[in-house]
Amino acid sequence: MWSALNRLDIESDDPSYSDVRRRVLGRLGEYASLVIGPLNLRPTAAALLREDDQRVELRVSTPSSHVVLVIAIDGDLAPEVFWLRALAASNLPIPRLIAHDLSLTTLPFAYALESYVGGSLLNSLEDGPRMRVLARQAGRTLRRSHQVAAPGYGRPALNSRWPAVPWPEVLGGWLARRETLARAEEALGLECAVTLIDATIDHPALACARPCVIHGAVEPARMIVTVGDTMQLEALTRPGELVGGDPLFDLAHGLLPRHPATFRQGLLEGYSASGPLDAAQQGRLRRLELLLQVADTLDNGDAAARARLPDEVAGALRELSAE
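A. Broad picture of the overall build of the protein. For the protein, the count of helices and strands is 11 helices and 10 strands. A globule of 323 residues ought to have a C-alpha radius of gyration of about 20 Å, and the protein, at 21 Å, matches this closely. Overall, the C-alpha framework of the protein stretches about 65 × 45 × 40 Å when taken along its three principal axes. Out of the 323 residues belonging to the protein, those deemed buried represent 49%. For the protein, restricting intrachain contacts to residue pairs at least 6 apart in sequence, the fraction spanning at least 24 positions comes to 68%. Just so you have it, the protein exposes about 15,200 Å², and 49% of that area is on carbon and sulfur atoms. Computing the positive centroid from 33 side-chain charges and the negative centroid from 40, the protein places the two 7 Å apart.

Next comes the structure, spelled out in C-alpha cells:
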C-alpha cells in the first residue's frame with residue numbers, strides 16, 4: 001500500500017515542482033509508513049488529498065476512521081500545532097491534533113497527524129446565498145476563537161517559545177519576508193508607500209494591547225463545509241504564519257477584495273453577531289484592511305488589480321487622514 005504512494009513519474013526538469021516537493025512526493029509512501037507504522041492504527045488505505053509547494057496532505061483510512069498526515073515542504077508546522085492545541089478545548093470546528101514532530105527526528109520534514117474532516121472547500125461554492133450563510137458561521141467561529149489569549153505576537157519558535165516583540169514589529173517582519181514594502185514602493189511610488197506605512201504599521205491606532213489566538217490566513221479555501229438539506233461549517237483549517245496577534249487581522253484577511261462578495265458580507269455579519277465593533281476597532285480594521293489589500297494584491301493580484309492599486313490606496317489614505 002505504501003509503495004504505491006511514491007510519485008516517481010515527476011520529471012526532474014518539471015518547473016511546476018520544486019526539488020523539495022519532488023523529493024517528498026517521491027518518498028511519500030516511505031514517509032507515511034515511518035509515521036503511521038508505530039502507532040498501531042491498522043491502516044487499510046491511503047490517498048493523496050492535496051499537495052503544493054508548502055505542504056502535502058495524505059488521508060489514511062483505518063477500520064474505524066480516517067486521519068490526515070500533513071508534511072511541511074516549505075517551513076515548519078509550529079504555528080499550526082500551536083493553533084490546534086490552543087483551541088482544542090474550545091469546542092470549535094477545527095481538526096484534532098493527534099501527533100506531531102517538529103524536530104525532524106522521524107522524517108527530514110516536520111509533520112502533524114490530524115483528524116480527517118470530510119466535506120468540500122468553501123471556495124468550491126458559487127458566490128451566493130449559501131456561501132453567505134456558511135461565512136456567517138465562520139465569522140461566529142472566529143469571534144469565539146479570539147476569546148483565547150496567546151502567549152505573544154506572531155508565532156512560536158520550534159522550541160515553543162514566543163518572541164517578546166510588539167505587534168507592529170511582528171507585522172513589519174511578516175511584510176518584510178514577503179518583500180511587500182519594497183514592492184509597494186515600486187508599485188505605488190516612494191511618497192505613497194511612506195504614507196501607507198505611517199498610516200498602518202507606524203500608526204498608534206494599530207497597537208494591540210493583548211495578543212489573542214488568531215488564524216492568520218482566513219479565506220474560503222481554508223474552510224471545509226457540507227452542503228445538503230442543511231449547510232454546515234465543518235472545520236476551519238490550515239492557519240497561517242501569524243497565530244498570535246490582533247483578532248482584527250483575521251477579519252481584515254477575510255475581507256480582502258479578492259474573496260467573493262457574499263463571503264465577505266457573511267463573515268462580517270457572523271463576526272458582529274455577538275456585538276458590533278466599537279469605533280476604535282472599526283478604525284483599526286480599516287487600516288489593517290488597507291495594509292493587507294496592498295500585500296495581497298502584490299502577491300496574488302492580476303494585472304488589472306495591480307493597475308487599480310495606486311488609485312485605491314491613495315483614496316483610502318485620504319479617508320484615513322480625515323479620521
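Picking up where we left off.
B. Representation of the sheet that holds strand β9 (residues 231-236) within the structure. If you trace the 3 strands from one edge of the open sheet to the other, you get β6-β8-β9, paired in antiparallel fashion. The open sheet has two edge strands, β6 (120-121) and β9, and neither has a second partner. Summarising the sheet, strand β8 (residues 223-227) and β9 pair through 5 bridges and their orientation is antiparallel. Considered in β9, the bridge of T226 is made with Q232. Its contacts with the sheet put helix α4 (residues 129-145) on β8 and β9, and the angle it makes with β9 is roughly 45°.

C. Molecular detail of the sheet that holds strand β1 (residues 45-51). Sheet architecture is open: 5 strands sit in the order β1-β2-β3-β5-β4, paired in antiparallel fashion. Edge strands, defined here as strands with exactly one partner in the open sheet, are β1 and β4 (97-101). Strand-to-strand twist in this sheet, taken as the mean axis angle between neighbours without regard to direction, amounts to 20°. Judged from the 5 bridges that link them, strand β3 (residues 66-72) and strand β5 (residues 111-115) form a sheet pairing that is antiparallel. Considered in β5, the bridge of V70 is made with A112. Together, β2 (55-61), β4 and β5 form the strand contacts of helix α3 (residues 78-86), whose direction differs from that of β4 by roughly 150°.

D. Expanded view of α3. When you tally the buried positions in α3, you get 7 out of 9 residues, the bulk of the element. For α3, the complete set of buried residues consists of A78, P79, E80, V81, F82, W83 and L84. Residues of α3 that are buried in the fold lie against β2, β4, β5, β7 (212-213) and β9.

E. Molecular detail of the pairing of β2. Among the 7 residues that make up β2, 6 are buried, leaving the element largely enclosed by the rest of the structure. Two elements, β1 and β2, share 6 bridges in a ladder whose sense is antiparallel. Of the residues in β2, the one forming a bridge with E51 is V56. Hairpin connection from β1 to β2: 3 residues lie between these consecutive antiparallel strands.

Cut-offs applied
- Residues numbered from 1 in each chain as written.
- Predicted model: local features only at pLDDT ≥ 70, side-chain atom pairs only at ≥ 80, totals over all residues.
- Heavy atoms only, no water.
- Helix = DSSP H or I, 4+ residues; strand = E, 2+ residues; numbered from the N terminus.
- Rg over C-alpha atoms; globule rule 2.2 N^0.38 Å.
- Buried < 20%, exposed > 50% of the residue type's maximum accessible area, 1.4 Å probe, protein only.
- Contact = heavy atoms within 4.5 Å.
- Areas by Shrake-Rupley, 256 points an atom, 1.4 Å probe, with all protein chains shown as cover.
- Lys, Arg positive; Asp, Glu negative; His and termini not counted.
- Charge placed at Lys NZ, Arg CZ, Asp CG, Glu CD.
- Pairing = 2+ DSSP bridges.
- Axes fitted to C-alpha atoms, helices over the stretch in contact; angles between N-to-C directions.

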